[in-house]
Amino acid sequence: MKQKETLLSTMGINISRTSFEDLGEEHVGTSLETPLREDAFEMDDDLKVELIEKHFREIMHIMGLDLSDDSLKGTPHRVAKMYVKEVFSGLNPKNKPATKLFENKYKYNQMLVEKDITFYSHCEHHFVPIYGRAHVAYISTGEVIGLSKINRIVQYYSKRPQVQERLTMQIGNELKEAVGTEDVAVIMDAYHMCVSSRGVNDTNSSTVTSFFSGKFESDEQSRNEFLKYISLKK
Ligand SMILES: [Zn+2]
């Protein structure tokens, strides 16, 4: 171990492995923004798929897998395509859903709740799935957005390597902007595969995170109304 670290540091790579691992196991997020480099999208998607495929083949090779086997042959390409075009497509701002507001005077000052939005994301510390339900609400200022747009906002931010707290806040902030109000609430209840399938192997616990802004933060009645709606059985 010591030797490896010396080797890395002669290559100009300084790592403190203990601190990385502590951070990952505790699932601590460090910022509200997804940490992306300035040049994140200089490469196009096809080139990204090609490069990830090459490196993923290498990972499988190092693990000792026989890549000439028919079942494994296509895996590096499938994984690369899935990363770039599907499960991490929300990294790229070009995939951000466009939202349009509709005037609806009847909904003025009314709470709109969309609950049980299924989402799939990935833990940025282990690259394994986080999945669960999101419940979202806002108090209309007389304008509303299409319900499917709320789902799309949830999906967009989910399709990134994430920590659940950041995901919750990113959805809340985006919604504030999209509907033009401070009065927004988001609750996410999720299972983390990195907790259930490895590590402490706890299969039952779920993690709940919340974002309350505007009236949902300052007014207990609004918050309770939202909590009451999401606990209603269908
Ligand atoms: Zn994890």
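Here the structure is a predicted model, which is why all the values come from computation and not from measurement. (Residues numbered from 1 in each chain as written. Predicted model: local features only at pLDDT ≥ 70, side-chain atom pairs only at ≥ 80, totals over all residues. Heavy atoms only, no water.)

## Considering the UniProt feature "binding site: Zn(2+)" (unreviewed entry) in the protein
Item 1. In the numbering used here, UniProt assigns the "binding site: Zn(2+)" (unreviewed entry) feature to Cys 123, His 126 and Cys 194. Judged by maximum C-alpha separation, these annotated positions cover 72 residues in sequence but sit close together in space, the widest gap being only 7.6 Å.
Item 2. On the secondary structure map, Cys 123 appears in strand S2 (residues 111-123).
Item 3. You can call Cys 123 buried: its relative accessible area is 1%. (UniProt positions renumbered as here; feature names shortened; annotations may be inferred. Helix = DSSP H or I, 4+ residues; strand = E, 2+ residues; numbered from the N terminus. Buried < 20%, exposed > 50% of the residue type's maximum accessible area, 1.4 Å probe, protein only.)

## Digging into the environment of Asp 45
Item 1. By the secondary structure assignment, Asp 45 is in helix H3 (residues 45-62).
Item 2. C-alpha of Asp 45 to C-alpha of Ser 89: the two residues are 44 residues apart in sequence and 9.6 Å apart in space.
Item 3. With residues up to four places along the chain from it excluded, the contact list for Asp 45 reads Val 84, Lys 85, Asn 92 and Lys 94. (Contact = heavy atoms within 4.5 Å.)

## A short note on the nonpolar core
Item 1. In this structure, Phe 119, Tyr 138 and Ile 171 are the most contacted members of the largest nonpolar core, which totals 26 residues.
Item 2. The set of elements that each furnish at least two residues to this core consists of S2, strand S3 (129-139), strand S4 (143-145), helix H6 (147-158), helix H7 (164-179) and strand S6 (184-192).
Item 3. In this structure Ile 171 touches Ile 153, Val 154, Tyr 157, Val 186 and Met 188, once residues within four positions along its chain are discounted.
Item 4. Counting 8 residues, the second-largest nonpolar core is a separate cluster that includes Ala 137, Ile 139, Phe 216 and Phe 226. (Core = buried A, V, L, I, M, F, W, Y, C linked by side-chain atoms within 4.5 Å.)

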